[in-house]
Structure formats: structure tokens, C-alpha cells
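The chain contents come next:
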Amino acid sequence: MKHTISVLVENQFGAFNRVATMFSGKGFNIHSISIGETETPEVSRMTIVTEGEDKIMEQVVKQLNRLIDTIKVIDLTGQDRVERELALITVFYQKGTRAEIISVNDIFRGNVVDINNKTITLEITGPPSKIDAVVNVLEPYGIKEMARSGTVALKRGEQLKIDKNIVTQQ
Amino acid sequence: MRNPNQTLSGADIFFECLRQEKVEYIFGYPGGAVLKLYEKLYDVDFLKHILVRHEQGAAHMAEGYAKASGKIGVVLVTSGPGATNTVTGIADAYMDSVPIVVFTGQVATHLIGNDAFQEADIVGITRPITKHNFLVRDVKELAATIKKAFYIASTGRPGPVLVDLPKDVINSVCEFEYPEKVELRGYKPTFLGHQNQIKKAAEIIKKAKRPLLYVGGGVIMSNGERELKLFAKENNLPVTMTLQGLGAFPGNDPQSLGMLGMHGTYYANQAVNNCDVLVSLGARFDDRVTGKVDTFAINAYKIHVDIDPTCIDKNVVVDLPIVGDVKHVLAELAAELNEPLQLDEWWNQINKWKEICPLHYEKNDGKLRSEFIIEKISEKTKGEAVVVTDVGQHQMWTAQYYKFNNPRSHLTSGGLGTMGFGLPASIGAAFATKDRPVILISGDGGFQMNIQELATVVYYKLPVKIFVINNSFLGMVRQWQELFHDEKYSFTDLSASNPDFVKVAEAFGLKAFSTNSILNVDEILDEALAYNSGPVLVEFKVVKEDMVFPMVPAGKSISQMMTKRLDPKEMV
Ligand SMILES: Cc1ncc(C[n+]2csc(CCOP(=O)(O)OP(=O)(O)O)c2C)c(N)n1
């Protein structure tokens, strides 16, 4: 089963590498991984989509927690959440198909962001399943190139809070 | 003490921090990137720098020191090759949870990434084998980083931490203030076990008919040996230990079943198979312990106490996890259990197993065997020595035949199984141990992997007793070849290429003896053990083709244990 895991990490040199190294070292799958700033400048949020049996997913969460740079790890799977992904898709068109492609774009509420005499580039945003659907529809026209951002996700309503009370020891 | 807020160079700050951390020894080797630190070291008097002969040796020495003392081992090496040479030692410390801090020199920050002379991305290289690592990019971060490094290495589940020090950071200056507190919001290592879980565990143990304590290195790391002893004794519980757990409970106590697992005792493994409640204390269900996992303690209710949540349910799914410091949990468990358990039937059964199949080896053919030598060493030192081993057959025989009385006395590379660990680790242990003999038991193969450290042991006049068990083979590999690889002894026979160990030792300046006779063993051991003005080496030329038994073949269930050689297919 697919899991979406949200991780707050110290925005430090190497934190991303550490997570990536841990995944490859432990043999865990990564479907997508995205990282960016949060409302707090020293903290970044990683959203990791991974897949495996429950037992493995439990290990993934524990291993993420074990990393010194991770502040908070939440498995969003099964929780009420918003998930979005952005895709840029460049499709070939012929005389007759340009309008069709643009209507696909409109149906999925995308944007046409580039066009030349052979190809047209669409920007589609939505839950990953929507992106999959667009890709399916566009495939027969011939997809020249595609870039997907990977999922970003937040719990609905109350957001993950960063522990502002820095823990001090010794 | 210097005034706080005084302007200091990175190199001065480095030593001030080590002083504050009460570091007694640095195991190190100089080079270009750390010249400034060595310049300062020349005048430092509050700690001692131990010059090694290879940086791998430095890392293992730090491990030996840390394991024997419970303090943090410290390493200082140069960039590039100096740093990469420590990698095996760091990986070893990671696998066995040994608190060491490794300082590596690095090229100046503006050169990082340029393939500069003696540049290696040691932070990248060691990321998967350190508990944490740091590249210090600014001298202003140096003191806080060192503080964090020592804190992370020694708290929670201990482990190695590496701090990479670019040359310009060491040379630049800033105001110095050693932080009093560590600020790490992502790291909360101290756990007291969950109260309700502990109560529940106590209830389960109270009702057990066939309980067993399965004790790992975590008990020793948490200094929980007293609590363990009290708990086991008051409740009359049988105790089996992992390789790293040996010494946590006295080996000659009748309640000790010795080691479990691949080369564990028959009775320990039988007890595991038949127990109804298994209490794992600071152990991690390693595959060398469990054999085939789905048959391990199959009928037992499993309680797992460990400080590291990732250990729980990793290899074996347990019924009752308790995440916490094992010393505390043991004390609380003991407080909950106030009536001794009625375990006569269980003990009768265990004692029967002990009778049916005690540890045994051939004693009547007059040949010199490792088991005999180790048994003698155990008797003569009354189980009180600090015994360091290398990796292989001699390591397993030491675990079986040396009856450890004390924790922090059995120093061996378990998780990584690093040949070459022994000699340098014994040197580190000798710096930490003043009141007990330090003994190295090594094989002829592994001894040659860090043999250069003989120079170190001689230079510092450390009274380490080095026993090289020479079977002219890479014995443990030979054993597997005999049992599982059609007796094809591919590249394991060292008889044509081994050096004369006595001559080698003498060339380095050691006192050295050799014997191949069972008749000399007493006399030679007495002499070696009595010699304290420096190191001594004894080569024991033992039978070539001895085998470690009992043995559970890899991946087999521990009930499929071989207890003797004659017919490997005959399972007990
Ligand atoms: C660095 C390293 N290389 C290879 C091995 C594989 N290995 C495990 S035991 C062993 C043989 C050790 O031989 P020796 O040191 O003579 O000890 P013995 O088994 O004969 O007691 C080998 C090669 C290892 N554990 N470590």
C-alpha cells in the first residue's frame, strides 16, 4: 500500500541526503520525494510517497524519526489530508489534434504554458491520481517530455505544528 | 580555565572543547589538513595523544577504549586517505553501537568539491555508517558542533559521530564560548519505559512457567548489570546472552546458560525454543541469534526492551515492546515482581539439557586445541580479565569457554565481524584498564590485518597479553568450506605464507614465545600473565582442522543444531 509521509527536517546541509541515503541503505521504495521551505525558515518539509507492507512502513517512520535532523514525522496515510502534484507535460500535436489537446487541458483545468509548431506544453495540478488520468488521456497523442513535482501534502484543518519549544538536555 | 568570550583560533577552540568534555586520550595520526591541530597538540598537557600506525587502528582503539571504559573514544586524522582509512572502524562502531567521535581534517572550504589534494567527501561516505555527522563550515559553529557530537555519540543508543574540520575553519578565529546545553529538537534520546507496558510485562512474567532472559549488549551500555543480576536472582530466571551481552551476567553463575545463537550452547538454544516467555533486554534479534526467524522462540510470548524503537519488530515481531533505557526498565520490573517464581520443572528440564550436551571438545588425543587454551586462560584469570578477540573460530571459542564475570570485559566485533579489530581494540582497552589484565585472543589471519599496531603497543609499554591462535588457516572460513562447500579449501590455507610470529613480535620489540604442545600451556600462560613491563606475545600452534560446535547452519532453525563433527547431517 502507498503511504504519504510528511517529514519536518532541519533546513540544514545534508538533511535531504540523509533521508535519501537512509531509504536506499534500508532498501525502502521511494515513489516520490519533494522538499521545500515551510513557514519557519530553518525548517523544511519533505513529502515522501513510499510503498510497502505495514511492517515496512512502520520501520520507515521509525527510521525517519531516528535521524537526528528530523523534527517530526507523520504518516498521513488514512488521515484527512490535501495532496497535490504539479506536472508539466509536452505533447506532440498535428493539425487535427491541437484543439483536442487543449480541450483535455480545459477539462482538467490545466494551463497551456508553451506552444510551438510541433508541441504544446500543459501545466496540470491536482491529486496524483488526476495527473495519472491526464497522462493516460494524452499518451495516444505522443508525450515528448514530462516533469512531475512529486506529491506535497498537508493534513487538513489543523496543520502539523513545529515544536517551537526547543528540547534541551544536560 | 580561560575566560569565556575570549577570541580564539579554531584549533584552540577544538582543544578547549576536548578539555571541557574531559577527553583523556586521542588516538590519531597527523597529516596536512590537521597540521595546525598537531602544532597545538605539541603543548597540550591535559590529554594524551596516542600515535597509531594506521588510521583504522585509531578507530578500533577508540572503540576498545570506549567499550572497556564506558567513556567516549576520540579519533583525530587528516583528510582524504586519513579519513577513508577510518571507515571500517566507524562502520564497526555503528554496528555495535560504540560511542566514538572521529575528527577528520578537510581541505579548506573554498576548495571543497574541487578534487583538491587529499580531498574526500568523508561526510558523504560515512553518512550511512554514523549515528550523525557534521561538516563544520564556520568557526563560529565549531564549539556547538563538538558539544553536539559528544552528546549524540553517548546518549540514547550510542554510536559513532564524525566531525569534518576544514583547514580554514581551524585557522580562523572567533569568540569562544562553550555552550552549556545542547539544542537538538529532533533528538530526544532518554526514555523511561512506559509504565503500563512495564506493569503488563511483570504480570506476564509472573505467570510464566518457562521464562527466559535474552540479554544483549544494551544491558552493558546502560550499566544495568546490577539491576539484571538482582532481577534474575530474585526471580530465579535463566539467562542467556548474545555475543555482545557476555559479561552482563556472570558466566559461571548456575543461572547462566551462556551464549545463544549460531554457536551458542545447546541448552541456551533449547531454552529459547521451549520457553513460554522470552524477555529480550537490550538485544536486537540479529540473524546470528535467531537463525530462521519464523521458527525462533515460536511458542513464546515475546517482551522486547530496547532504547531504539527501530529495533522493535524489525526482525521478529514481538508481543510487548517497551522502549526505554534497559537499566531503568529492569529496576522497575524487579520492583513489580515481589514473589519468587516457581520454576522447578523448567530448571529440571534445563539442567537435563546441560547434562545431555554440555560444551565439549576432544581432550584425549593429546593435541593442542584452542578450546583448551581458552579454558585455561579463563581459569587462570578467574574470569576477571578484559578479553579482546578478533573474528573467527577463536572468537566463538572465547565466547563459549571464557566465563566472563564482569561487564565491559568482552570486547569483540559482533555486528560487522571485522577481522583486524582485535589488536588495536586491545590497545584502546589497555589505556582504559589499569586494574585488570587485558588479553587479546587473535587468529593468525586477523592478527595480520592490523599487525602494524605492534609498534604502538610496544611504544606505550602496554602490558597486553597477545595470544595468537595459529591454526594455519582462515579457520572459520575453512569450517564453512568443509561443511557447506564440498571441502574445497579455496584460499584459506595460510601455512605456506604465515610469517614467523615470534620473529615478527621480537622485531617490534615484544617478548614472545611459541608452543605447539599441550604440556607447556600452563607454564607459558603463567609467565605471560605475570609479565607486566610491556606487551607479550604467545603463538599457540594448534590443530589445523578443529571446528566450532555447536553450530546452527545459517538460515536454519536453531533446533537444527549440529553438536559434533562426525556426521554433519545428523541433527540433534
Ligand atoms: C575484514 C574481514 N575480511 C574477511 C572476513 C571473513 N572472515 C571471517 S572469519 C575469517 C577467518 C579468520 O581467520 P583467523 O583470523 O585465522 O581466525 P580463525 O577463524 O582461524 O580462528 C574470515 C576470512 C572478515 N570477517 N573480515
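Keep in mind that what you see is a predicted model, and the values were worked out from it rather than measured. (Residues numbered from 1 in each chain as written. Chains lettered and ligands numbered in written order. Predicted model: local features only at pLDDT ≥ 70, side-chain atom pairs only at ≥ 80, totals over all residues. Heavy atoms only, no water.)

Visitor: Summarise the overall build of chain A; cite the residues concerned and give the values.
Guide: Broken down by element type, chain A carries four helices and 10 strands. On the principal axes, the C-alpha backbone points of chain A span a range of 70 × 30 × 30 Å. The buried share of chain A, reckoned over its 170 residues, is 45%. The long-range fraction of contacts in chain A, counting pairs at least 24 apart against all pairs at least 6 apart in sequence, stands at 73%. Surface exposure of chain A reaches about 9,100 Å², of which carbon and sulfur atoms provide 50%. Charged side chains in chain A number 21 positive and 22 negative. The centres of these two groups are separated by 1 Å. (Helix = DSSP H or I, 4+ residues; strand = E, 2+ residues; numbered from the N terminus. Buried < 20%, exposed > 50% of the residue type's maximum accessible area, 1.4 Å probe, protein only. Contact = heavy atoms within 4.5 Å. Areas by Shrake-Rupley, 256 points an atom, 1.4 Å probe, with all protein chains shown as cover. Lys, Arg positive; Asp, Glu negative; His and termini not counted. Charge placed at Lys NZ, Arg CZ, Asp CG, Glu CD.)

Visitor: A description of the packing of aromatic side chains should follow, citing residues and the corresponding values.
Guide: Aromatic rings in a pair are described by how distant their centres are and how their planes are angled relative to each other. All names here are of chain B. Taken as a whole, this structure holds 23 aromatic pairs over all chains when the rule is applied. Between Phe285 and Phe296 the ring centres are 5.9 Å apart and the planes differ by 85°, which places this aromatic pair in the edge-to-face class. Separated by 11 residues along the polypeptide, Phe285 in the loop between β13 (277–281) and α13 (287–290) and Phe296 in the loop between α13 and β14 (301–306) bring together distant segments of the chain. The same class applies to Phe285 and to Phe296, which are both buried. Grouped by ring-pair contacts, the aromatic residues Tyr25, Phe27, Tyr65, Phe431, Tyr459 and Tyr460 constitute a single cluster. When the ring centre of Tyr361 is taken as reference, the NZ or CZ atom of Lys363 above it lies at 4.9 Å. The ring of Phe473 is capped by Arg478, whose NZ or CZ atom sits 5.6 Å from the centre of that ring. (Phe/Tyr/Trp six-rings, centres within 6.5 Å; stacked < 30°, edge-to-face > 60°. Lys NZ or Arg CZ within 6 Å of the ring centre and 35° of its normal.)

Visitor: An account of the confidence of the model for chain A is needed here, citing residue identities and associated values.
Guide: Residue-level pLDDT values for chain A average 91, and 92% of them are 70 or greater. Note that residues 166–170 of chain A has pLDDT below 50 and, in this model, 22 contacts with residues that lie over four places away or in other chains. (pLDDT = per-residue confidence, 0-100.)

Visitor: Tell me what's going on with the site of the ligand, and back it up with residues and numbers.
Guide: Residue and element names in this part refer to chain B. Close to the ligand lie 17 residues, the nearest being Gln393, His394, Gly417, Gly446 and Gly475. Contact between the ligand and Gln393: an oxygen atom at 2.8 Å from a main-chain N or O atom of the residue. A distance of 3.0 Å separates an oxygen atom of the ligand from a polar atom in the backbone of Phe473. Protein contacts shield 76% of the accessible area of the ligand, which totals 590 Å² for the unbound molecule. Those elements that provide at least two residues to the shell around the ligand are α17 (393–401), α19 (444–447) and α21 (475–484). When its residues are assigned to classes, the shell around the ligand shows seven nonpolar, nine polar and one charged. (Near = heavy atom within 4 Å. Polar contact = N/O pair within 3.5 Å; in protein donor to acceptor, adjacent residues only side chain to side chain. Nonpolar A, V, L, I, M, F, W, Y, C, P; charged D, E, K, R; others polar.)

Visitor: Describe the interface of chain A and chain B, with residues and values.
Guide: With 27 residues of chain A in contact, the opposing surface of chain B contributes 31 residues. Here chain A packs against chain B, burying approximately 2,600 Å² in sum over the two surfaces, 51% of which is carbon and sulfur. Between the two partners, chain A and chain B, sit three salt bridges. Taking the shortest distance from any N to any O, the salt bridge between Arg185 of chain B and Glu10 of chain A comes out at 2.9 Å. Here chain A is connected to chain B by eight residue pairs in polar contact (both at pLDDT 80 or more). Taken together, the elements giving at least two residues each to the side of chain A that touches chain B come down to α1 (15–26), α2 (54–66), β4 (70–75) and β10 (168–169) of chain A. In terms of residue class, the side of chain A that touches chain B is made up of eight nonpolar, 10 polar and nine charged. (Buried area = accessible area lost by both parts, 1.4 Å probe. Salt bridge = Lys/Arg side-chain N within 4 Å of Asp/Glu carboxyl O.)

Visitor: Can you explain the sheet that holds β13 of chain B? Please cite residues and give values.
Guide: All names here are of chain B. Spatial ordering of the open sheet is given by β12-β11-β10-β13-β14-β15, a layout of six strands whose pairing is parallel. The open sheet has two edge strands, β12 (256–259) and β15 (320–323), and neither has a second partner. On average, each strand axis in the sheet is tilted by 15° relative to the strand beside it, whichever way the strands run. Where β13 lies against β14, five bridges are found, and the strand directions are parallel. If you follow Val277 over to β14, its bridge partner there is Tyr301. Of the strands in this sheet, β10 (211–215), β11 (239–241) and β13 touch helix α11 (residues 225–235), which is tilted by about 165° from β10. Sitting on the sheet, helix α12 (residues 266–274) touches β10, β11 and β12, and the angle it makes with β12 is about 105°. (Pairing = 2+ DSSP bridges. Axes fitted to C-alpha atoms, helices over the stretch in contact; angles between N-to-C directions.)

Visitor: Before we move on, could you go through the packing of helix α16 (residues 370–380) of chain B against helix α23 (residues 521–530) of chain B and cite the residues and values that matter?
Guide: All names here are of chain B. The contact between α16 and α23 brings their axes to 11 Å, and the two run at 50°. Comparing their axes, α23 and α16 come out oblique. Between α16 and α23 lies a crossing of right-handed hand. For the pair α16 and α23, contact is made by Phe372, Ile373, Lys376, Ile377 and Lys380 and by Val521, Asp522, Leu525, Asp526 and Leu529, respectively. (Parallel < 35°, antiparallel > 145°, perpendicular 65-115°, else oblique. Left-handed = near helix turned anticlockwise from the far one by under 90°.)

Visitor: Which residues make up a nonpolar patch on the surface, and what values go with them?
Guide: All names here are of chain A. Together, Leu86, Leu88 and Val113 make up an exposed nonpolar region whose accessible area comes to about 210 Å². For Leu88, the location among the structural elements is in strand β5 (residues 81–92). Looking at Leu88, the relative accessible area reads 36%, which means it is partly exposed. (Patch = residues over 30% accessible without salt bridge, like charges linked within 9 Å, V, L, I, M, F, W, Y side chains within 5 Å.)

Visitor: Give a description of the state of the cysteines that names residues and reports values.
Guide: Residue and element names in this part refer to chain B. Counted under the stated rule, the structure contains zero disulfides over all chains. Free of any disulfide, Cys17 has its nearest cysteine sulfur in Cys174, 9.7 Å distant. With no disulfide of its own, Cys357 has Cys275 as its nearest cysteine by sulfur position, at a separation of 19 Å. (Disulfide = S-S within 2.5 Å.)

Visitor: I'd like a rundown of unusual backbone geometry, residues and numbers included.
Guide: Residues and elements named next belong to chain B. For the bond running from Phe549 to Pro550, omega is 0°, close enough to zero to count as cis. Following the sequence through the fold, Pro550 ends up in the segment after β21 (536–541). The phi torsion at Ser97 lies on the positive side, around 55°, for a residue other than glycine. Residue placement: Ser97 occurs in the loop between α5 (87–95) and β5 (100–106). Located in the positive-phi region is Gln118, a residue other than glycine, with phi close to 55°. Note that Gln118 resides in the loop between β5 and α6 (122–126).

Visitor: Lay out the confidence of the model for chain B in plain terms, naming residues and giving numbers.
Guide: Keep in mind that low pLDDT regions are not for reading the predicted coordinates in detail. Residue and element names in this part refer to chain B. Averaged over all residues, the pLDDT of chain B is 95; the fraction at 70 or higher stands at 98%. Scored below 50 in pLDDT, residues 568–572 makes 10 contacts in the model with residues more than four places away or belonging to other chains. Taken together, the chains of this predicted complex give a pTM of 0.95 and an interface ipTM of 0.88.

Visitor: Got a sec to walk through the packing of helix α3 (residues 55–69) of chain B against helix α18 (residues 422–432) of chain B? Specific residues and values, please.
Guide: Residues and elements named next belong to chain B. The geometry of α3 relative to α18 is characterised by a closest axis approach of 6 Å and an angle of 45° between their N-to-C directions. One finds that α3 runs oblique with respect to α18. α3 and α18 meet at a crossing whose hand is right-handed. Contact residues: α3 offers Gly57, His60, Met61, Gly64, Tyr65, Ala68 and Ser69, while α18 offers Pro424, Ala425, Ile427, Gly428, Ala429, Phe431 and Ala432.

Visitor: How would you explain the nonpolar core if you had to name every residue and give the values?
Guide: All names here are of chain B. Counting 94 residues, the largest nonpolar core has Leu213 and Leu281 as its most contacted members. The residues touching Leu213, leaving out its near neighbours within four places in the chain, are Leu228, Phe231, Ala232, Leu237, Pro238, Val239, Thr240, Val279 and Leu281. Core analysis: the second largest hydrophobic core is formed by 51 residues, Ala62, Phe421, Val464 and Phe501 among them. (Core = buried A, V, L, I, M, F, W, Y, C linked by side-chain atoms within 4.5 Å.)

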